[in-house]
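Topology and contacts: notes
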Amino acid sequence: QVQLVESGGGLVQAGGSLRLTCAASGRISSINAMSWYRQAPGKQRDIVACITRSGSTNYAEAVKGRFTISRDTTKNTVYLQMNSLKPEDTAGYYCNALTTLPRSHYWGQGTQVTVSS
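Overview of the structure. The shown structure was predicted, so the numbers you read here are calculated from the model rather than taken from an experiment.

**Re the side chain of Asn96**
Its place among the elements puts Asn96 in strand β9 (residues 91-99). By relative accessible area, Asn96 is classed as buried at 2%. A polar contact of 3.1 Å, which involves the side chain of Asn96, links it to the side chain of His105. At 3.4 Å, the side chain of Asn96 forms a polar contact with the backbone oxygen of Tyr106. Beyond its immediate chain neighbours, meaning those up to four positions away, Asn96 contacts Leu4, Ala33, Met34, Ser35, Tyr37, His105, Tyr106 and Trp107.

Written out as structure tokens, the structure reads:
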């Protein structure tokens, strides 16, 4: 089992910045990748950014150049730095951990990000 706790969401004006934090606990050694997803009301949950065990990162096209995913392995924490925020970034943001053996997805409770125009 892996437990994930997100924090750092809030209300920000367009052009502003926020940093989300995801703290992981439990079977940390089984985590193969950690990701941030987001879901706006009435829409599906989409991946925003991912960081693998090796440190490789990938981003959705909509956030490339504005968002940065990073991690602190000493704290079992993953971050999402969000700059140049736009109203269309408004959504619930969810941390995800993908484990192997067995392959499972774990989710945090989510944190709301609201960007005003």
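**Some thoughts on the packing of aromatic side chains**
Within the structure shown, the criterion is met by 1 aromatic pair. An angle of 65 degrees between the planes, with centres 4.8 Å apart, marks the rings of Tyr37 and Trp107 as edge-to-face. With a gap of 70 residues between them, Tyr37 in strand β4 (residues 31-39) and Trp107 in strand β10 (residues 104-107) connect regions that are remote in the sequence. Take Tyr37: its relative accessible area is 17%, and that puts it in the buried class. Look at Trp107 and you get partly exposed, because its relative accessible area is 37%. Across from the ring centre of Tyr94, 3.7 Å away, lies the NZ or CZ of Arg45, which sits over that ring. Over the ring of Trp107 we find Arg45; its NZ or CZ atom is 4.7 Å from the centre of that ring.

**Details of the nonpolar core**
The nonpolar side chains of a soluble globular protein tend to be buried with one another. Judged by nonpolar contacts, the single largest core of 27 residues is most densely connected at Leu4, Met34, Trp36, Leu80, Met82 and Tyr93. Elements that contribute at least two residues to this core include exactly β1 (2-7), β3 (18-26), β4, β5 (46-52), β7 (67-72), β8 (77-82), β9 and β11 (111-116). Ignoring anything within four residues of it in the chain, the contact list for Met34 reads Leu4, Cys22, Ala24, Ala49, Cys50, Ile51, Ile69, Val78, Cys95, Asn96 and Ala97.

**Notes on the state of the cysteines**
In this structure the tally under the stated criterion is 1 disulfide. Note on cysteine connectivity: Cys22 is disulfide-linked to Cys95, with sulfurs 2.0 Å apart. Across the S-S bond linking Cys22 and Cys95, the dihedral sits near -80 degrees, which makes this disulfide left-handed. Here Cys95 lies in strand β9 and Cys22 lies in strand β3, a separation of 73 residues in the sequence. This pair shows no difference in class: Cys22 is buried, exactly as Cys95 is. Here Cys50 is not disulfide-linked; the sulfur of Cys95 is the nearest cysteine sulfur, at 11 Å. We classify Cys50 as buried; its relative accessible area is 15%.

Basis of the calculations
Residues numbered from 1 in each chain as written. Predicted model: local features only at pLDDT ≥ 70, side-chain atom pairs only at ≥ 80, totals over all residues. Heavy atoms only, no water. Helix = DSSP H or I, 4+ residues; strand = E, 2+ residues; numbered from the N terminus. Buried < 20%, exposed > 50% of the residue type's maximum accessible area, 1.4 Å probe, protein only. Polar contact = N/O pair within 3.5 Å; in protein donor to acceptor, adjacent residues only side chain to side chain. Contact = heavy atoms within 4.5 Å. Phe/Tyr/Trp six-rings, centres within 6.5 Å; stacked < 30°, edge-to-face > 60°. Lys NZ or Arg CZ within 6 Å of the ring centre and 35° of its normal. Core = buried A, V, L, I, M, F, W, Y, C linked by side-chain atoms within 4.5 Å. Disulfide = S-S within 2.5 Å.

Nothing here speaks to function; it is geometry throughout.
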